[in-house]
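# Architecture at a glance
The chain contents come next:
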Amino acid sequence: MTEKKVRTRFAPSPTGSMHIGNLRTAFYAYALSKHEGGDFILRIEDTDKKREVEGGVQEIKNILTIFGINWDEYYLQSERLDLYKVAAEKLVKDGHAFYCQCEAKNAKQEGFSSQLRDSCRDKNFTSGAIKLKVPENEIIKFRDFVLGEEIEWKTEIVFDATLLKSDKFPTYHLAVVVDDHATSVSHVLRGHDWLPSTPIHLLVYKYLDFKIPQIGHLTDILDPDGGKLSKRKGSTSVTGLLEEGYLPEALFNFVILAGWAPKDNRELFSLEDFVNVFDASGFQKSNPIFNRDKLDWFNGQYIRKTNDSELTTRILKFYKEKYPEDLIEKIVPLIKDRITRLSDFDTLAGFFFKESEVDKNLLGDNFDKHLHAALETLLTIKDFNNSQMNDKLLETVKNNNFKTGDFFMDLRIAITGKKMTPPINESLVILGKEETLKRIKQVLKSTN
RNA sequence: GGCCCCAUCGUCUAGUGGACUAGGACGUCGGGCUUUCAUCCCGAAAAUCCUGGGUUCGAAUCCCAGUGGGGUCACCA
């Protein structure tokens, strides 16, 4: 009964549109706690006012909600400034930090900086930014629960990091330690890029006399061209991917499997499945490459799993109600197996809404005979419905000794302007008699 | 450059000293189904387990070095 509750947090900063790798961290942190019936905390790290983006906080909340991630507690660092200030001043008082009045270096210097010890560390100023007084000749280490390794550094290579900026806002190094402690976070899960600054945090924990939580560093998702995932190859922002027509379920499934794997190599996971089977030993140690083909495959899988009325709604919303719902509903069964992204709906089903130009070169040698025969047959059908359409047209093919494939291909092209389309007879039914005949006549007329 | 992490088919991975003639998935190629394209089904190719040394009766699995990839070195997170 004294077991400590697993509490994790997702701590993004509202500095731009959320990156897919960032979202992955949220999924992992969520599953880590929820698998144990623990708590998941959302903490906004808005301590850099200069970089903060308008609406950034709302976007983070919206995205988590879209993916079904709910948080048990919520914190905004800018509302907790006193906490950090007290902690920083305590460190100064105890001799583990000092005031610095140097001019701020607020951008990365050219080349590699090597000035690890700050010139103000022994000047005993009583105001200014507060920096950590890193000790000499100490070994600082921890066991990373993702890597499963003990990692250590000599304090000689740790720099006197700024803890509290002169604007009284904390830096990440201070805020992360103070908040994780204050909110009883048991497991810290974060990007690989934080590994090098972990010794700073470890020192702060020690000097503040806080218990160190479990800390784990996740892999980075890499760009197919090398380096960290970048925007060169299309969007990597979550909203961008959503706008490309990817389903949240597919994005979720794809991204959790980039950096984590189950023992049995299972592929399809809902959020609930993932929480159920989650096991931290499944974390990978090496960086995965963003594989769009695999994402596309997942998306196709989920489109097929979605029931027709739900898919109709999603397409309706995706196109911001540009197309009428009743028509989408009829078309959905025809395109469901044929699209990999919602955005494919346009290219595959566009002809239903807008007459497409017919390239005569696409038509076969006997298109004239084919289309005349089709026209004649279609004219006799009073009520356009699937079974009748199929029977009559097939009968026409037989009676005229046409080649079935060639006949339907010409009809297909005349109606849609394309060689790759949904099933043609079913499409004609949806299109209706009037429109169908009109299009066939038009092609016949323009090719004469 | 210093420091740190990592290394199994093109890609994501299973594998935790003997069951590995290294398994699965995506992609690719071939076939089936079929009035197109897809879906679906079947099959194939694809991995010197990065290299070199050890340890061991035995190594993809443990150790060391090299090489390669990644990260990081701000009053940004």
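Here the structure is a predicted model, which means the values were calculated and not measured.

Moving on: the layout of surface pockets. Think of a ball as big as a water molecule: rolled over the atoms, this probe shows where empty space is left. The space that makes up the second largest pocket amounts to roughly 370 Å³. Contributing to the lining of the second largest pocket are 13 residues, with L242, R314, K317, F318 and L342 lying nearest its centre. Residue assignment for the lining of the second largest pocket shows that the elements contributing at least two residues are α6 (238-243) and α10 (308-318). For the lining of the second largest pocket, a count of residues per class yields 7 nonpolar, 1 polar and 5 charged.

Entries for chain A in the domain assignment read domain 1 (7-73 + 220-282), domain 2 (80-218), domain 3 (307-350) and domain 4 (360-447). Inter-centroid distance (C-alpha atoms) of domain 3 to domain 4 is 24 Å. Interface of domain 3 and domain 4: buried area, both sides summed, is about 600 Å²; carbon and sulfur atoms make up 74% of it. Interface area lost by domain 3 to domain 4 is led by L334, R338 and L348, which between them contribute 65%. Applying the counting criterion to the domain 3 and domain 4 interface returns 0 salt bridges.

A separate point is helix α1 (residues 20-34). The end-to-end C-alpha distance of α1, which contains 15 residues, comes to 21 Å, matching closely the 21 Å that a straight helix rising 1.5 Å per residue would cover. Counting buried positions along α1 gives 13 out of 15 residues, so the element sits mostly inside the fold.

Let us now look at empty space enclosed by the protein. Applying the stated criterion to the full structure yields 2 cavities of 30 Å³ or more. Of the volumes computed, that of the largest cavity is approximately 40 Å³. Considering the residues around the largest cavity, the lining is formed by V176, V177, D180, V188, R190, H201, Y205, P213 and I215. Secondary-structure elements contributing two or more residues to the lining of the largest cavity are α4 (172-182), β9 (187-191) and α5 (198-208). Sorting elements by how many residues they give to the lining of the largest cavity places α4 first, with 3 residues. Each residue belonging to the lining of the largest cavity can be placed in one class, and the counts come to 6 nonpolar, 1 polar and 2 charged. Reported here for the second largest cavity is a volume of approximately 30 Å³.

This part covers the sheet that holds strand β5 (residues 129-132). Within a beta sheet, neighbouring strands are joined by backbone hydrogen bonds and run either parallel or antiparallel to one another. Here we have 3 strands laid out as an open sheet, ordered β4-β5-β8, and antiparallel in their pairing. Only two strands of the sheet have a single neighbouring strand rather than two, namely β4 (97-100) and β8 (162-164). The average undirected angle you get between the axes of adjacent strands in this sheet is 45 degrees. As defined by bridge partners, β5 adjoins β8 across 2 bridges and the pair is classed as antiparallel. Directly across from K131, in β8, lies its bridge partner T162.

Parameters and conventions
Every chain's residues receive numbers from 1 upward, in the order its sequence appears when written. The naming scheme follows written order: chains are lettered A onward, ligands numbered 1 onward. Where totals are concerned, whole chains, interfaces and linings use all residues; where local detail is concerned, this predicted model gives features only for residues with pLDDT of at least 70, and gives and counts side-chain atom pairs only at 80 or more. Only hydrogens and water are set aside when side-chain values are computed; all heavy atoms of the structure are taken into account. Every definition here rests on a 1 Å grid over the protein atoms only: cavities are sets of points where a 1.4 Å probe fits but cannot get out, pockets are open sets enclosed by protein on both sides within 12 Å along at least five of seven lines, and lining residues have some atom within 4 Å of a point. Grid points are joined across faces, edges and corners, and a volume is the space filled by probe spheres set on the points. Secondary structure elements follow DSSP: runs of H or I no shorter than four residues count as helices, runs of E no shorter than two count as strands, and numbering proceeds from the N terminus. When residues are grouped by polarity, Ala, Val, Leu, Ile, Met, Phe, Trp, Tyr, Cys and Pro land in nonpolar, Asp, Glu, Lys and Arg in charged, and all others, Gly among them, in polar. Where each domain starts and ends follows an automatic or database-derived domain assignment. Here's the idea: put two parts together, see how much 1.4 Å probe accessible area each one loses, and the total over both is what we call buried area. Within this document, salt bridges are pairs made up of a side-chain nitrogen of Lys or Arg and a carboxyl oxygen of Asp or Glu, the two lying within 4 Å of each other. To estimate how far a helix should extend, the number of its residues minus one is multiplied by 1.5 Å. Between buried and exposed lies partly exposed: a residue is buried under 20% and exposed over 50% of the maximum accessible area for its type, with that area taken using a 1.4 Å probe on protein chains only. Pairing between strands is defined by DSSP: at least two bridges between the two strands are required. In this analysis, axes come from line fits to C-alpha atoms, helices being fitted only over the stretch in contact, and the angle between any two N-to-C directions falls in the range 0 to 180 degrees.

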